[in-house]
Each structure stands twice: as structure tokens, then as C-alpha cells.
Amino acid sequence: MVFIIGMALGVISLSVGNTAANMIRKEAEQFMLQGSYISEQSVLKGETHGLFVELRPAQDINSKEQWCYQWRRIRDRQWQDVPELSPHCLPEEAAIEFVVEDELWEFDPELEYQDPVMGFFPSGDGSGKIEVAIFPVQSSVGGESETERFELDLTGELHWVSEEKRVEEERRGR
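Residues numbered from 1 in each chain as written. Predicted model: local features only at pLDDT ≥ 70, side-chain atom pairs only at ≥ 80, totals over all residues. Heavy atoms only, no water.

> It is not clear to me how the packing of aromatic side chains should be interpreted in this structure. Could you clarify?
Each aromatic ring pair is described using two quantities: the centre-to-centre distance and the angle formed by the ring planes. Taken as a whole, this structure holds nine aromatic pairs when the rule is applied. Where Phe98 meets Trp105, the ring centres are 5.7 Å apart and the plane angle is 85°; that geometry is what we call edge-to-face. Relative to Trp160, the ring of Phe150 has its centre 5.7 Å away and its plane inclined at 25°; by these criteria the two rings are stacked. Separated by ten residues along the polypeptide, Phe150 in strand S9 (residues 148–152) and Trp160 in strand S10 (residues 158–160) bring together distant segments of the chain. Considered together, Phe150 and Trp160 belong to a single accessibility category, that of buried residues. (Phe/Tyr/Trp six-rings, centres within 6.5 Å; stacked < 30°, edge-to-face > 60°. Helix = DSSP H or I, 4+ residues; strand = E, 2+ residues; numbered from the N terminus. Buried < 20%, exposed > 50% of the residue type's maximum accessible area, 1.4 Å probe, protein only.)

As C-alpha cells, then:
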């Protein structure tokens, strides 16, 4: 009986917890899984992969702008979609930000062709020092929520910085 009550309380606390933080964490998990997969595929298949990002305008007065990203690979000298990874849009309450070589990257809707924001190469290298942040849009989500941070280094290693920090803090706390 005590076990059942404990389980029920655990479920309730998870569902009542900070929903914005949960949403951002879920998006971060998906981004990390896809980034790790693409990094491996670049080496295994000998292909260059890039991350293309866009800010889609609001569809109507009741919706908001939405950040979307898609992984593509170079085949036949052109960028092609990675069929096993469909384009992904963050919830309207979330945003993504990139700092490329210490400069904030900005999406330019006027450009006909967008370059990839980051890439992975067959050699296992990454496209440079890139910092990524996924965070709640403040005007639409109340409360304090954690920003999820990632870093891509020149060696092609994608690090989930905020998760590594959480794990280290838990390890020290025990």
C-alpha cells in the first residue's frame, strides 16, 4: 500500500512540476539524440551533414512564430533531406539560439538559400565552435525555467552541457 501511494505521489509531482522546463528538456533530449545520430552517420557513411534552421512565421493571429530545424546531407553535390529524420519544429513556447564562433547567429528570412548552422564531416570533425541554447519564450511561458545548453567542438563532439552539469551536481551531492 505504501508503495502504491509513493508511486502515485511520484506521478503527481512529475505532472505538476514545471511544465515549461519539462517541455524544454524533452526538446533538448530530441536535439541531442538527433545530433549524436547525425555525428555517427557522417563517419559511418562518409557523408557531410548539416543542420538547417528557420523561423517560420505565425500561421494566423492565434499562433506565434515557430523555430524549426532539419538535418540534411550532401549527396550528388547538393543538400538532401535525411529520410529517417523528419523536420522538427519546437513548440511555439520554445526558441533555439546559436552562437557560431562567438557570434550570435541570426536567421535571415530574406535569403533565398540558407547555409547550415552547424555540420558534421566524414572525418569526424565538426564545423567549428558552436553553442546552442533551447529555452522557453519568456512572454508566453511564466516562471523560471532552465535553458538547455549544448556545445559542438572542432572534434565533432556534441556536448549537452546543462545535462553534464546536472549529473556532476548529483554525483557531488551523494
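> Would you take a moment to explain helix H2 (residues 19–45) for this structure?
An α-helical turn contains 3.6 residues, so any two residues separated by three or four positions project in the same direction. In this model H2 runs 38 Å from its N-terminal to its C-terminal C-alpha over 27 residues, within 8% of the 39 Å that 1.5 Å per residue would give. Directly after H2, the chain includes Gly46, whose backbone phi takes a positive value near 65°. (Expected span 1.5 Å × (residues − 1).)

> How should the pattern of salt bridges be read in this particular structure?
Oppositely charged side chains can pair when the atoms bearing their charge come close. Applying the stated criterion to the full structure yields twelve salt bridges. With its nearest N and O atoms 2.9 Å apart, the salt bridge here joins Arg166 to Glu148. Of the two residues, Arg166 sits in helix H3 (residues 161–173) while Glu148 sits in strand S9, which places them 18 residues apart along the sequence. Assessed through its relative accessible area of 2%, Glu148 is described here as buried. Between Arg171 and Glu168 there is a salt bridge; the shortest N-O distance is 2.6 Å. With Arg171 and Glu168 both in helix H3, this residue pair falls three residues apart, about one helical turn. Accessibility expressed as a relative area gives 55% for Arg171, which makes it exposed. By sharing partners, the salt bridges in this structure join Arg25, Glu29, Glu146, Glu148, Glu163 and Arg166 into a single network. (Salt bridge = Lys/Arg side-chain N within 4 Å of Asp/Glu carboxyl O.)

> Is there a simple way to think about the environment of Tyr37 in this case?
Secondary-structure assignment places Tyr37 in helix H2. In the structure, Tyr37 is positioned 48 residues away from Leu85 in sequence and 9.8 Å away in space, judged by C-alpha atoms. Residues in contact with Tyr37, not counting those within four places in the same chain, are Glu84 and Leu85. (Contact = heavy atoms within 4.5 Å.)

> Where do I start with the nonpolar core in this structure?
The nonpolar side chains of soluble globular proteins are, as a tendency, buried together. Judged by nonpolar contacts, the single largest core of 29 residues is most densely connected at Phe31, Trp71, Ile96, Phe98, Met118 and Phe150. Mapped onto this core, the elements with two or more residues apiece are H2, strand S1 (49–56), strand S2 (66–75), strand S5 (94–100), strand S7 (118–120), strand S8 (130–136), S9 and S10. When residues of this core are assigned to their parent elements, the largest contribution, six residues, is made by H2. Setting aside chain neighbours within four positions, we find Met118 in contact with Phe31, His49, Gly50, Leu51, Trp71, Phe98, Ser127, Ile130, Val132, Leu152 and Leu158. (Core = buried A, V, L, I, M, F, W, Y, C linked by side-chain atoms within 4.5 Å.)

> What exactly am I supposed to notice about the sheet that holds S9 here?
For sheets, the rule is that strands pair by backbone hydrogen bonds, running either parallel or antiparallel. Ordered in space as S6-S5-S8-S9-S10, the five strands form an open sheet in which the pairing is antiparallel. Across the chains shown, the open sheet's two edge strands, defined by having one partner strand only, are strand S6 (103–104) and S10. Of the strand pairs in this sheet, S9 and S10 are connected by three bridges, and their pairing is antiparallel. Its bridge partner being in S10, Glu151 is matched across the sheet by His159. Sheet contacts for H2: S5, S8, S9 and S10; angle to S10, the most-contacted strand, approximately 160°. Packing of H3 onto the sheet brings it into contact with S9 and S10, and relative to S10 it is tilted by some 50°. (Pairing = 2+ DSSP bridges. Axes fitted to C-alpha atoms, helices over the stretch in contact; angles between N-to-C directions.)

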